[in-house]
Amino acid sequence: MSCDYSGTSFSMGGPKHTVAEKTSDKPQGAMVVIGGNRGIGLDLVKQLKSRGDEVIATTRKPEPKLTELGATVVEGIDICNAESLTSLATACEKGVAVLVVNAGLLEAGSDTKKLPDMTEADLEAFTREWHVNCLGALRVVSLLSKHLAENACRASGNNFVFV
């Protein structure tokens, strides 16, 4: 169930799934979580590993929690640097079932400012966010799309997830 703005519940239709559910026609390949070292990404890795999925998780810096979970950890990944993605592409050569792009940046304190109050520093912060959140995500999807498992589309219907 979902709610409209008044709080009245209604059914949006279509299948509802949680991370805990699995389709019977499981795609071959790993669940890849870009930015799996903390917060939403780390929790997603935990949930995927708890249901038995093969998980590849990336991080810029070493994160012992990921290794303890049993995920394949690819360190040193900066989605704004194509050269740093080589090791990720190698780790994904056996196939990607689903790619979750969770890495992102939020630093602009200007998102609540009115347009006339924007400063050059605000615009520079937005530019950095755009490079990470847009171009970085595009760079990762472009690189890994060739590694999508053959049956990934038929099995899950959703191969790219942006958080």
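Residues numbered from 1 in each chain as written. Predicted model: local features only at pLDDT ≥ 70, side-chain atom pairs only at ≥ 80, totals over all residues. Heavy atoms only, no water.

## A word on the overall build of the protein chain
Along the backbone of the protein chain there are five helices and seven strands. Across the protein chain, helices and strands are ordered from the amino to the carboxyl terminus as β-β-β-α-β-α-β-α-β-α-α-β. (Helix = DSSP H or I, 4+ residues; strand = E, 2+ residues; numbered from the N terminus.)

## Re the pairing of strand 4 (residues 55-59)
Each regular strand displays side chains that alternate between the two surfaces of the sheet. Burial analysis of strand 4 places five of its five residues in the buried class, the great majority of the element. Residue alternation in strand 4 divides its side chains into two sets, Val-55, Ala-57 and Thr-59 and Ile-56 and Thr-58, and both sets are buried. Relative to strand 4, strand 3 (residues 30-34) runs parallel, the two sharing three bridges. Residue Val-33 lies in a different strand from strand 4, and its bridge partner there is Ala-57. In the classification by handedness, the crossover that spans strand 3, the intervening helix 1 (residues 39-50) and the parallel strand 4 is right-handed. Across four bridges, strand 4 lies against strand 5 (residues 72-75) in parallel orientation. Across the sheet, the residue bridging to Ile-56 is Thr-72, located in strand 5. Handedness of the strand 4-helix 2 (residues 64-69)-strand 5 crossover: right-handed. (Buried < 20%, exposed > 50% of the residue type's maximum accessible area, 1.4 Å probe, protein only. Pairing = 2+ DSSP bridges. Right-handed = clockwise from strand over helix to strand, strands pointing away.)

## Notes on the nonpolar core
If you look at the biggest cluster of nonpolar residues, it comprises 18 residues, and the most contacted ones within it are Val-32, Leu-88, Leu-99 and Val-140. Going through the elements one at a time, strand 3, strand 6 (96-101) and helix 4 (120-144) are the ones with two or more residues in this core. For this core, the element with the most residues is helix 4, which contributes five residues. Those residues within four positions of Leu-88 in sequence are excluded, and the remaining contacts are Val-32, Ile-34, Ile-56, Thr-58, Val-74, Ile-77 and Leu-144. (Core = buried A, V, L, I, M, F, W, Y, C linked by side-chain atoms within 4.5 Å. Contact = heavy atoms within 4.5 Å.)

## Here we look at the side chain of Asn-102
Secondary-structure assignment places Asn-102 in the loop between strand 6 and helix 4. With residues near it in sequence (within four places) discarded, Asn-102 still touches Ile-34, Gly-35, Ile-40, Gly-41 and Val-163.

## Quick notes on helix 1
Compared with an ideal rise of 1.5 Å per residue, which puts twelve residues at 16 Å, helix 1 spans 17 Å between its outermost C-alpha atoms and is within 8% of the ideal. Three or more residues of helix 1 are buried, namely Gly-41, Leu-42, Leu-44, Val-45 and Leu-48. The buried residues of helix 1 occupy an angular sector of 160° when the element is viewed end-on, so they sit on one face. Exposed residues lying more than 90 degrees from the buried face of helix 1 are Gly-39, Ile-40 and Ser-50. Just downstream of helix 1, Gly-52 is the residue with a positive phi angle, here 95°. (Expected span 1.5 Å × (residues − 1). Arc of directions from axis to C-beta.)

## Remarks on a nonpolar patch on the surface
Judged by side-chain polarity, Ile-40, Val-161 and Val-163 come together as a nonpolar surface patch covering roughly 260 Å² of accessible area. You can call Ile-40 exposed: its relative accessible area is 56%. (Patch = residues over 30% accessible without salt bridge, like charges linked within 9 Å, V, L, I, M, F, W, Y side chains within 5 Å. Areas by Shrake-Rupley, 256 points an atom, 1.4 Å probe, with all protein chains shown as cover. Salt bridge = Lys/Arg side-chain N within 4 Å of Asp/Glu carboxyl O.)

## Considerations on the pattern of salt bridges
According to the stated counting rule, one finds two salt bridges in the structure shown. Here Arg-51 ties to Asp-53 by a salt bridge, and the two come within 2.3 Å at their closest N and O atoms. Assessed through its relative accessible area of 2%, Asp-53 is described here as buried. Notably, a salt bridge pairs Glu-107 with Arg-128, separated by 2.3 Å at the nearest N-O pair. Placement of Glu-107 in the loop between strand 6 and helix 4 and of Arg-128 in helix 4 is noted, with a sequence separation of 21 residues between them.

The quantities given are spatial measurements derived from coordinates; they are silent on function.
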